[in-house]
Amino acid sequence: MNRNNSLNAVKLAETVMPGGVNSPVRAFKSVGLSPVVIKRAEESKIFDIDGNEYIDYVMSYGPMILGHSDKRVIKAITDASANGFSFGATTEGEIELAGLINRHFPSVEMVRLVNSGTEAVMSAIRLARGYTKRDKIIKFEGCYHGHSDSMLVKAGSGALTTSVPSSSGVTECLSKDTLVANYNDIESVKNLFLKNRGGVAGIIIEPVAANMGVVLPEEGFLKDLIDLTHENGGLIIFDEVITGFRLSLGGAQGLFNLKPDITCLGKIIGGGLPIGAFGGRKDIMEYLSPLGPVYHAGTLSGNPICVAAGIATIKAIEEDNAISKANEAANYLIKSLRDELKNFDDKITINSISSLITIFFKCGGVYNFSDVMKSDINHFKKFFGIVLNEGLFIAPSQYEAMFLSSKHTQADMDKTAFIIKKAIKEIL
Ligand SMILES: *Cc1c(COP(=O)(O)O)cnc(C)c1O
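Asks: What exactly am I supposed to notice about the sheet that holds strand β10 (residues 235-239) here?
Replies: Hydrogen bonds between backbone groups are what pair the strands of a sheet, and the pairing can be parallel or antiparallel. Ordered by their spatial adjacency, seven strands build an open sheet running β4-β12-β11-β10-β9-β5-β8, and the pairing between neighbours is mixed. Pairing within the sheet leaves two strands with one partner each, and these edge strands are β4 (110-114) and β8 (178-181). Sheet twist, expressed as the average angle between the axes of neighbouring strands with direction ignored, equals 20 degrees. Sheet analysis places strand β11 (residues 262-266) next to strand β12 (residues 276-280), joined by five bridges and oriented antiparallel. Within β12, the position partnered with Cys 264 by the bridge is Phe 278. Where helix α7 (residues 221-231) meets the sheet, its contacts fall on β5 (136-140), β9 (200-205) and β10, and the angle it forms with β10 comes to roughly 145 degrees.

Take a look at the structure:
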């Protein structure tokens with residue numbers, strides 16, 4: 001596969017953007033390759049500036065559940081932009097999108113729109129702290145909640161109570177208020193509550209973890225977590241930026257029938273345009289300015305073009321049964337993979353739910369971050385290089401999901417299973 005145009009563009013990009021990118025995973029550093037530069041995308045396919053075609057499993061890291069360039073969403077964006085781009089005042093679209101979110105997420109009685117998932121989480125955490133008048137937040141190792149300071153923290157090895165920032169530039173002062181527990185380990189959470197009695201404002205969790213690869217919550221874990229948090233006077237925040245409108249129209253909470261206090265959304269609710277949202281119980285949300293003491297604002301929050309794209313996307317998901325279609329594609333692919341890869345059961349683990357899949361180069365199951373870390377990264381690197389050259393665009397990291405859409409076809413799946421099988425046979 002010829003990628004000369006990409007190679008040249010990347011050289012230029014590196015002179016004007018740090019690492020040549022606006023978000024680090026795009027640099028392909030973890031796989032030691034030069035990144036592809038994208039020209040355009042349509043349905044399940046993405047095309048680079050050399051004219052190479054790939055079946056896309058990055059799908060903008062989640063938003064594109066309808067596939068790329070959906071005609072209805074294009075029309076919504078075009079129509080909205082003809083009326084002006086941004087007003088600094090309320091529009092009817094915002095009310096409609098808030099209503100749609102509320103209809104599918106009954107726990108979200110009120111919602112605020114923001115510009116990214118990061119912003120949604122940052123604001124939700126401030127709200128939880130303001131509402132409970134407590135400082136500490138518990139997160140789980142391996143869960144990603146955007147790049148706000150409080151969330152860029154993971155545990156120092158073995159010592160769950162010491163919080164070491166995972167980015168330079170995050171002050172110790174901030175990171176000490178972020179406590180880190182182990183996913184699927186309720187005892188680790190109990191310990192943190194014991195050691196910080198009366199000090200924990202809340203817990204934030206990806207109800208299905210998808211930023212350390214796909215890791216599913218074990219039976220009862222989320223329910224126990226909600227009960228434990230409430231017993232200790234804290235709030236439970238579900239970060240459904242990936243899972244919202246993907247695992248079900250009502251996200252993971254709809255699928256598992258659970259009710260968090262606050263929910264963060266993003267990705268799909270903007271259909272590929274920048275957006276985020278946080279919402280929850282009315283009495284909590286009314287702590288926000290201008291009604292309450294917790295400040296929150298945004299010049300472009302509820303931007304009419306992003307909102308129009310979001311409304312059109314959600315309506316199209318409903319109309320097309322897009323979630324079931326994406327799930328069917330994923331199930332078909334997983335079945336082929338499991339059949340084809342039977343002989344490699346002792347080398348890989350396939351985790352999946354709905355339209356999210358991760359193939360870990362580790363045997364014996366993956367239930368938390370330390371399992372994830374046992375994956376063979378060299379195997380993943382080789383795997384990535386092979387499948388990219390064969391025409392699959394997957395995330396250049398072992399710690400991401402493959403995202404399927406309603407536009408992934410049976411032919412796509414057959415080709416994908418064939419390529420993956422070939423790659424794995426070659427490596428293992
Ligand atoms: C992507 C993501 C975020 C951050 O959203 P951005 O729009 O990238 O700021 C937060 N939480 C989860 C679970 C995500 O997957």
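Asks: I tried to follow the site of the ligand on my own but got confused; where do I start?
Replies: Around the ligand, the neighbouring residues are Ser 116, Gly 117, Thr 118, Tyr 144, His 145, Gly 146, Glu 206, Asn 211, Asp 239, Val 241, Ile 242 and Lys 267. Within the contact set of the ligand, an oxygen atom lies 2.6 Å away from a side-chain nitrogen or oxygen of Thr 118. In the environment of the ligand, a nitrogen atom lies 2.7 Å from a nitrogen or oxygen atom belonging to the side chain of Asp 239. For the ligand, whose unbound accessible area comes to 380 Å², protein coverage reaches 83%.

Asks: I'm lost on the pairing of β9 in this one. Help?
Replies: Every regular strand shows the same layout, with side chains that alternate between the two sheet faces. β9 sits mainly inside the fold: six of its six residues count as buried. Read from β9 through α7 to β10, the crossover connection turns out right-handed.

Asks: Would you mind showing me how to read helix α6 (residues 186-195) here?
Replies: Counting along an α-helix, one turn takes 3.6 residues, and residues three or four places apart therefore face a common direction. The set of residues buried in α6 consists of Ile 186, Ser 188, Val 189, Leu 192 and Phe 193. Down the axis of α6, the sector holding all buried residues measures 160 degrees, keeping them to one side. Facing away from the buried side of α6, by more than 90 degrees, are the exposed residues Leu 194 and Lys 195. Backbone nitrogen of Glu 187 and a side-chain oxygen of the N-cap are separated by 3.2 Å at the start of α6; the cap is Asp 185.

Asks: I tried to follow the side chain of Glu 119 on my own but got confused; where do I start?
Replies: Of note, Glu 119 is situated in helix α4 (residues 117-132). Put simply, Glu 119 is tucked away with no salt bridge, and the nearest opposite charge, on Arg 126, sits 8.3 Å away. Those residues in contact with Glu 119, other than ones at most four positions away along the chain, are Val 114, Ala 297 and Ser 301.

Asks: Explain the layout of surface pockets to me, please; I cannot follow it from the model alone.
Replies: The gaps left among the atoms become clear once a water-sized probe is rolled over them. When its volume is computed, the second largest pocket comes out at roughly 460 Å³. As for the second largest pocket, its lining consists of 21 residues, of which Thr 90, Glu 94, Arg 112, Ser 301 and Gly 302 are closest to the centre. Of all elements in the fold, only α3 (92-104) and β4 reach the threshold of two or more residues within the lining of the second largest pocket. When its residues are assigned to classes, the lining of the second largest pocket shows nine nonpolar, 10 polar and two charged.

Asks: Looking at this structure, I do not really get the pattern of salt bridges. What am I missing?
Replies: A full pass over the atoms with the stated rule returns 20 salt bridges. With a shortest N-O distance of 2.7 Å, Glu 96 and Lys 315 are connected by a salt bridge. You can see Glu 96 sitting in helix α3 and its partner Lys 315 sitting in helix α10 (residues 304-320), a full 219 residues away along the chain. Of the residues examined, Glu 96 reaches a relative accessible area of 35% and is grouped as partly exposed. Residue class for Lys 315 comes out partly exposed when judged on its relative accessible area of 39%. Notably, a salt bridge pairs Glu 340 with Lys 421, separated by 2.7 Å at the nearest N-O pair. On the criterion of sequence distance, the pair formed by Glu 340 in helix α11 (residues 322-340) and Lys 421 in helix α14 (residues 410-427) is long-range, its members being 81 residues apart. Judged by its relative accessible area of 34%, Glu 340 falls in the partly exposed class.

Asks: Help me understand the packing of helix α2 (residues 71-82) against α10, please; the structure alone is not making it clear to me.
Replies: Two numbers describe how α2 lies on α10: the axes approach to 8 Å, and their chain directions differ by 155 degrees. Between α2 and α10, the angle falls in the class roughly antiparallel. In terms of crossing hand, the pair formed by α2 and α10 is right-handed. Here Arg 72, Val 73, Ala 76, Ile 77, Ala 80 and Ser 81 of α2 lie close against α10, whose contacting residues are Pro 304, Ile 305, Ala 308, Ala 309, Ala 312, Thr 313, Ala 316, Glu 319 and Asp 320.

Asks: Sorry if this is basic, but what is going on with empty space enclosed by the protein here?
Replies: Overall, the coordinates contain one cavity of 30 Å³ or more when judged by the stated rule. Ile 357, Thr 358, Ile 359, Phe 380, Phe 383, Ile 394, Ala 395, Ser 397, Gln 398, Glu 400, Ala 401 and Met 402 are the residues that line the largest cavity. Where the lining of the largest cavity is concerned, the elements lending two or more residues are β14 (356-360) and α13 (377-390). Per-class residue counts for the lining of the largest cavity are eight nonpolar, three polar and one charged.

Asks: Explanation requested: the packing of aromatic side chains in the structure shown.
Replies: Aromatic ring pairs: the centre-centre distance and the angle between the two ring planes describe each pair. Overall, the coordinates contain 10 aromatic pairs when judged by the stated rule. On the basis of an interplanar angle of 35 degrees and a centroid distance of 6.3 Å, the ring pair of Phe 380 and Phe 384 is categorised as tilted. In this pair, Phe 380 and Phe 384 both sit in helix α13, four residues apart, roughly one turn of the helix. Residue Phe 380 is classed as buried on the basis of its relative accessible area of 5%. What makes Phe 384 buried here is its relative accessible area of 0%. In this structure an aromatic cluster arises from ring pairing among Phe 28, Phe 361, Phe 380, Phe 383 and Phe 384. For the cation-ring pair, Arg 40 lies above Phe 47, with the distance from its terminal atom to the ring centre recorded as 4.2 Å.

Rules and cut-offs
Residues numbered from 1 in each chain as written. Predicted model: local features only at pLDDT ≥ 70, side-chain atom pairs only at ≥ 80, totals over all residues. Heavy atoms only, no water. Pairing = 2+ DSSP bridges. Helix = DSSP H or I, 4+ residues; strand = E, 2+ residues; numbered from the N terminus. Axes fitted to C-alpha atoms, helices over the stretch in contact; angles between N-to-C directions. Contact = heavy atoms within 4.5 Å. Near = heavy atom within 4 Å. Polar contact = N/O pair within 3.5 Å; in protein donor to acceptor, adjacent residues only side chain to side chain. Areas by Shrake-Rupley, 256 points an atom, 1.4 Å probe, with all protein chains shown as cover. Buried < 20%, exposed > 50% of the residue type's maximum accessible area, 1.4 Å probe, protein only. Right-handed = clockwise from strand over helix to strand, strands pointing away. Arc of directions from axis to C-beta. Lys, Arg positive; Asp, Glu negative; His and termini not counted. Salt bridge = Lys/Arg side-chain N within 4 Å of Asp/Glu carboxyl O. 1 Å grid on protein atoms, 1.4 Å probe; cavity = no way out; pocket = protein on both sides within 12 Å on 5 of 7 lines; lining within 4 Å. Points joined across faces, edges and corners; volume = space filled by probe spheres on them. Nonpolar A, V, L, I, M, F, W, Y, C, P; charged D, E, K, R; others polar. Parallel < 35°, antiparallel > 145°, perpendicular 65-115°, else oblique. Left-handed = near helix turned anticlockwise from the far one by under 90°. Phe/Tyr/Trp six-rings, centres within 6.5 Å; stacked < 30°, edge-to-face > 60°. Lys NZ or Arg CZ within 6 Å of the ring centre and 35° of its normal.

From the geometry alone we can't say anything about function, so treat these as descriptive.
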